[in-house]
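For reference, the chains in residue letters:
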Amino acid sequence: MLQVNMEDVMSVLRSIRPHLIGFAIVLVLAIGGIIFSRLNKKMTLSKRYMVKMQSILAIFLALVVVVNLITVGPMSTLIDLATGEGNISQESIEQANDFGVRVAEEGIVLLKNDQQALPLDSNSKVNVFGWASTNPCYGGSGSGGISDAYPKITLLEGLKDAGIQTNQELSDFYQNYRSDRPEVTMFGQDWTLPEPPVDSYSNDLLENAKAFSDTAIVVISRTGCENADLPMDLSKVNYTNNSDAYEDFGSDRHYLELSKSEEDMVKMVAESYAKVIVVYNGASVFELGFCDDYDSIESVLWCPSTGQTGFKALGEIVTGQINPSGKTSDIFVKDLTQTPSFNNFKITNYSNMDDYAVETTDFMTGEKSIKKPSFVDYVENIYVGYRFYETAAEEGFLDYDQAVLYPFGYGLSYTQFKESIEDMQTDNDGNITVTVNVDNQGQVAGKEVVEIYYNPPYENGGIEKSSSNLIGFAKTDLLNPGQQTTVTITFNQEDMASYDDQNEKAYVLDAGDYVISLNDDSHHVIDKEIYSVPSKVTYNEGNKRSSDAELAENQFDFARGDVTYLSRQNAFENYEVACAKPTSTEMNQESKALYLDNQTYNPSDYNNADDSMPVTGAKNNVVLSDLRGKTYEDPLWSDLLDQLTISEMDDLIALGGYQTKAIPSIGKVSTLDCDGPVDIYNNFTGVSSIGLPSMVMLACSFSEPLAYEYGSCIGKMADEMNISGWYAPSMNMHRSAFAGRNFEYYSEDGFLAGKMAANEVKGAAEHGVYAYIKHFALNDQETDRWYKNSMWSTEQAIREVYLKPFEMAVKEGQAKAVMSSYNYIGPYWSGGCGALLQDVLRNEWGFRGMVITDYFLAIGGAMNADQAIRNGSDLMLTNIEAGTNHIVDQQSATGVLAMRNATHNILYTVVNSRVYEGNTQNQIAKWKILLIIIDVIALFILLAIEWLIVRKKYLKLKK
């Protein structure tokens, strides 16, 4: 959620400084006049009285004028937002609460269930161990957090509602140890895990627990945070140990493994109880290898952050009221320090970029510091998550069973399904349809996820390819024991093409046999068919992919840098070199020559002498509502845009934070945009919707209909809150488990994320709400993300991994709004990167809509409106004067044409949203009506006082 910070306060003060100076001048002159009249012995008492009273009136009048100028000027947008209306109906609250439970019912993953330890009887007694049992994670922090406006179902309540009796004495012990979770927020993190040392459990407590039940549930929880990645080294963050006798996290432990206190507790419980169930409550994958160290740990559940009501589903699954059907959206490996990205996840400062350093202000304290440009090398190339482990195992580079605990797409059930490929057909357009039979051969009703993967032919030293690639999935309806169903999954052969950024510089479908497999997960094949491509297909000039509006060709050569990237060649022989820590901290000279920031970007350097100044201020009598439903290219747009003045376009572009401004001259009403991927939250009025389970929970459901319903649920509540734009869904990659915002993103797999996102976007659009898909692109970590951090990657990885979900959200979801990111892609800020926002997004994918920046911060040294609008951005996410959010070049034809184009994109999106569904008319905000009334009253008071003063003077003179 948005928080007040020092930089915004200073920006507001800067914006009203001229008004305050003007008032100060009047105040000084008026007080000076009063003092002068009192010191002037020649002035009569009557004249002194007049000077005094007129000076006081002048101060009052100046105050009224200044307040008016500030409120209708620089503070107008903030007041509009703070006085907005809209509340959620009780019906929608109840529906959202119920829906949150259903998401968790389908998203909780059963990872282990030896001896069919689960489900438990509904009247079981259970000891619930772990401090997190009384303080679990419901969401993350920042924009992805959930509101406190509505009650939450706690983990223990979820178990109790399902009929389980829990040991209250044990829960009281944890509550008394610490009742609140340490804060991990955007602007300050306390990563302390208050897990009681085992020596703090009294003998009576432990004996009573054993007498209460021989079954134990152990809860381990981890949170996440916007603006901070999860600690790899706890000695460098704010953390308080639970014991003076040892460190919870020494140099050999990271945040995503057990602390010493947790390890001791798990050992104590596992050695004391016959049946132990581990519940991991967190969005980032965790090192769960300890669960195989004890025979008593028979069951393991992954329960990502649940939102307000999702823990109800945990109780239902533990007791068997619901059969788990979730699948892992990320691979669970045994050692996260051995992942290919581990050594190249943290940002590294450049040693030769001091000229581009910026002085910054701490958000909360106001303290000054110097931030240097930094970088991250995406050295793993396309081999992110399961794609590396499956391919490395096939190449014999590693022992899969030694490295991986649970594959991607993995999840158990209380019943047994048999799946088989019934048929695979191909049509003349290259569409491949796989028909799968699913048979519930167990004793319990349940749902099953059908997963289709492809393994392409690979030539050593050729285009990089993963041996396992998800290309289709579907979840069945509830199947009763003995019931069968048929599932069909269709994709196109071009979807299996790889991007060759070195030779063909295009998508290529190599000749050979493609193994189309029906899998239990990314690793275990159930059934397979062969799809043969007789000759190489290159999607180049004259043969573009059918889904592209324009030919896809190299656009990101500048982002490759001089990095050694991981290659499958010779069984990953360059792994040690490619995945080592950076050996150079210098940006190469070629990239440095391209580098742009606010110090070096000059819009006049990019003016086109052939551009013609567009018409402004015309009187064509066209209003925005006339354009609803018309195409982006409709000629009537030209007539409308001709009517706009430069000032109107500049204000619309510059002040786009949490709203789009009204333009009365064309009947453009203001719209409200709000944050919140799991709940939609109005930062200014405090009104929020119900908090739903995290994107990870949704992704683990592997259910497209559920994702559509998720977007629709948010869209319905947004509509009731008078919100037209939704800053979500978020679809960056789980490149690393340590990324602080993984709770807000779906998966390590771009295809799964893309399907979920596309459906959410369509669901929100059902209610006329445009979803800003974000953060575009390569914003896959959080620490210091709003400063100049360059991400270096191959074009193949950018396209196949990091842009994939955005591409699907645009092409399949018909997204109409995009939010760019803070980071640089190579030498260019993403919000001012024409290759990303213009060449790929708009031209290649055919996107029609608007692009907004991430929260606009001039202090980062990169964000400026001129560069943004000339390279595909349209709207600056701020509602205050932020320094570089206004257009500097308002004189050149190139600059004004860019403003006109950005305005067109904004208006096209808005007119096709919910706000123009009815008979939309300009309305004066209620606060402005109140201000007019106050002004009229103040004027009458001034006139009345002036009349009394003059009358008194007149009567005195007459007398």
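Here the structure is shown first, and the text comes after it.
All values reported here derive from a predicted model rather than from experimental measurement.

S.K.: What is the right way to read the packing of aromatic side chains from this model?
M.R.: In this description, an aromatic ring pair is defined by two values, namely the gap between the centres and the angle between the planes. Under the counting rule described, the total for this entry stands at 44 aromatic pairs. Relative to Y201, the ring of F129 lies with its centre 6.5 Å away and its plane at 40°, an arrangement referred to as tilted. Of this pair, F129 sits in strand β2 (residues 125-129) while Y201 is found in the loop between β5 (188-189) and α7 (203-212), placing the two residues 72 residues apart along the sequence. Exposure remark for F129: the relative accessible area of 1% places this residue in the buried category. Given the relative accessible area of 4%, Y201 is considered buried. Ring centres 4.9 Å apart and planes at 75° place the aromatic pair F558 and Y828 in the edge-to-face group. Note that F558 is positioned in the loop between β24 (537-539) and α12 (569-572) and Y828 in strand β32 (residues 828-829), a separation of 270 residues in sequence. Taking the relative accessible area as the measure of exposure, Y828 reaches 18% and is therefore buried. Each residue in the set Y383, F388, Y389, F397, F572 and Y575 is aromatic and connected to the rest through ring pairs, giving one cluster. Over the ring of Y255 we find R222, and its NZ or CZ is 5.1 Å from the ring centre. Sitting over the face of the ring of Y378, R735 holds its NZ or CZ atom 4.1 Å from the ring centroid.

S.K.: I keep staring at the pattern of salt bridges and nothing clicks. Help me out?
M.R.: Side chains that carry opposite charge are capable of pairing whenever their charged atoms lie near each other. Inspection of the entire model under this criterion finds 43 salt bridges. The partner of E782 in a salt bridge is R741, and the shortest N-O contact between them spans 3.8 Å. Highlighted residues: E782 in the loop between β28 (770-776) and β29 (789-792) and R741 in the loop between β27 (725-727) and α19 (750-765), separated in sequence by 41 residues. Per residue, the accessibility class of E782 equals that of R741, and both read buried. R785 is the partner of E782 in a salt bridge, and the nearest nitrogen-oxygen pair spans 2.9 Å. Under the relative-accessibility criterion, E782 is labelled buried at 1%. Judged by relative accessible area, which is 4%, R785 ranks as buried. Bridged by salt links that share partners, the residues E226, D675, R741, E744, K774, E782, R785 and D854 form one connected network.

S.K.: I would appreciate a short explanation of the sheet that holds strand β31 (residues 824-825) in the present structure.
M.R.: Strand-to-strand pairing in sheets goes through backbone hydrogen bonds, with the strands running parallel or antiparallel. Here we have five strands laid out as an open sheet, ordered β10-β13-β29-β31-β32, and mixed in their pairing. If you trace the sheet from one side to the other, it starts and ends with β10 (348-349) and β32, each paired once.

S.K.: Even after reading the chapter, I still don't get the side chain of E760, so can you show me in this structure?
M.R.: Mapping E760 onto the fold places it in helix α19. The buried charged residue E760 lacks any salt bridge, with K774 as its nearest oppositely charged partner at 11 Å. Contacts of E760, omitting those with residues within four sequence positions, involve M695, L698, A707, Y708, Y710, G711, W726, P729 and Y746.

Criteria and thresholds
- Residues numbered from 1 in each chain as written.
- Predicted model: local features only at pLDDT ≥ 70, side-chain atom pairs only at ≥ 80, totals over all residues.
- Heavy atoms only, no water.
- Phe/Tyr/Trp six-rings, centres within 6.5 Å; stacked < 30°, edge-to-face > 60°.
- Helix = DSSP H or I, 4+ residues; strand = E, 2+ residues; numbered from the N terminus.
- Buried < 20%, exposed > 50% of the residue type's maximum accessible area, 1.4 Å probe, protein only.
- Lys NZ or Arg CZ within 6 Å of the ring centre and 35° of its normal.
- Salt bridge = Lys/Arg side-chain N within 4 Å of Asp/Glu carboxyl O.
- Pairing = 2+ DSSP bridges.
- Lys, Arg positive; Asp, Glu negative; His and termini not counted.
- Contact = heavy atoms within 4.5 Å.

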